[in-house]
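Analysis of the macromolecular model
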Amino acid sequence: QVQLVESGGGLVQAGGSLRLSCAASGSAFSTNAMGWYRQAPGKQQRELVAVISSGGSTNYGDSVKGRFTISRDNVKNTVYLQMKSLKPEDTAVYYCLYGVGSPYSRWGQGTEVTVSS
């Protein structure tokens, strides 16, 4: 079973940057689409932040376009989310999703990002 380890969350001032990482176990990482989603305080739904396909194609949520960048390193089995120009409304728990759109997708444990104004 795939294990996911997320890191990189924390407290940052508005306008600052953070980079999240999600490391996956197993040998099938490179063949799977990976994604980042977030759940803001008080919200029930997780919102799409960014997705990267196995081939490297990317897709972003409208609220983060131009500020966030998703990338992957298939040697390290890791997906990254570089976040710049952070806003207080980016405050959320960020979750990594392994195998976006597959029947065996798996969520990470989440990493908390807090942006102060």
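This report concerns the structure included in the present document. (Residues numbered from 1 in each chain as written. Predicted model: local features only at pLDDT ≥ 70, side-chain atom pairs only at ≥ 80, totals over all residues. Heavy atoms only, no water.)

1. Structural notes on the overall build of the chain
Across its full length, the chain holds 0 helices and 11 strands. Secondary structure elements in the chain, listed N-terminal to C-terminal, are β-β-β-β-β-β-β-β-β-β-β. Since a compact globule built from 117 residues should have a radius of gyration of about 13 Å, the 13 Å found for the chain is in line with a globular shape. Taking the principal axes of the C-alpha coordinates as reference, the chain spans close to 40 × 25 × 20 Å. Expressed as a percentage of its 117 residues, the buried residues of the chain come to 44%. (Helix = DSSP H or I, 4+ residues; strand = E, 2+ residues; numbered from the N terminus. Rg over C-alpha atoms; globule rule 2.2 N^0.38 Å. Buried < 20%, exposed > 50% of the residue type's maximum accessible area, 1.4 Å probe, protein only.)

2. Let's talk about unusual backbone geometry
Phi is mostly negative for residues that are not glycine, and the peptide bonds are mostly trans. Located in the positive-phi region is asparagine 77, a residue other than glycine, with phi close to 55°. Summarising the element assignment, asparagine 77 is placed in the loop between strand S7 (68-73) and strand S8 (78-83). On the basis of relative accessibility, which here comes to 14%, the residue asparagine 77 falls in the buried class.

3. A look at the pattern of salt bridges
Summed over the entire model, instances satisfying the criterion amount to 4 salt bridges. Taking the shortest distance from any N to any O, the salt bridge between arginine 67 and aspartate 90 comes out at 2.7 Å. Of this pair, arginine 67 sits in the loop between strand S6 (58-60) and S7 while aspartate 90 sits in the loop between S8 and strand S9 (92-98); the two residues are 23 residues apart in sequence, bridging distant segments of the chain. Connected through salt bridges with shared partners, the residues Arg38, Glu47, Arg67 and Asp90 form a single ionic network. (Salt bridge = Lys/Arg side-chain N within 4 Å of Asp/Glu carboxyl O.)

4. Quick notes on the pairing of S7
Every second residue of S7 is oriented toward a common face, the buried set being Phe68, Ile70 and Arg72 and the non-buried set Thr69, Ser71 and Asp73. When S7 meets S8, the two strands line up antiparallel, connected through 6 bridges. Bridged to threonine 69 within S8 is glutamine 82. Here S7 folds back onto S8 in antiparallel fashion, the turn holding 4 residues, of which asparagine 77 has a positive phi close to 55°. (Pairing = 2+ DSSP bridges.)

5. Describing the sheet that holds S8
Adjacent strands of a sheet form backbone hydrogen bonds with each other and so pair up, either parallel or antiparallel. Here we have 4 strands laid out as an open sheet, ordered S1-S3-S8-S7, and antiparallel in their pairing. The open sheet has two edge strands with one neighbour each: strand S1 (4-7) and S7. Between one strand and the next, the sheet's axes are offset by a mean angle of 15°, whatever the strand orientation. Here strand S3 (residues 18-24) runs beside S8; their pairing, made up of 6 bridges, is antiparallel. (Axes fitted to C-alpha atoms, helices over the stretch in contact; angles between N-to-C directions.)

6. A short note on the state of the cysteines
Evaluation of the coordinates by the stated rule reveals 1 disulfide. Here cysteine 22 connects covalently by a disulfide to cysteine 96, the sulfurs 2.2 Å from one another. Torsion about the S-S bond of the cysteine 22 and cysteine 96 cystine: about -75°, corresponding to left-handed handedness. Placement of cysteine 22 in strand S3 and of cysteine 96 in strand S9 is noted, with a sequence separation of 74 residues between them. By relative accessible area, cysteine 96 is classed as buried at 0%. (Disulfide = S-S within 2.5 Å.)

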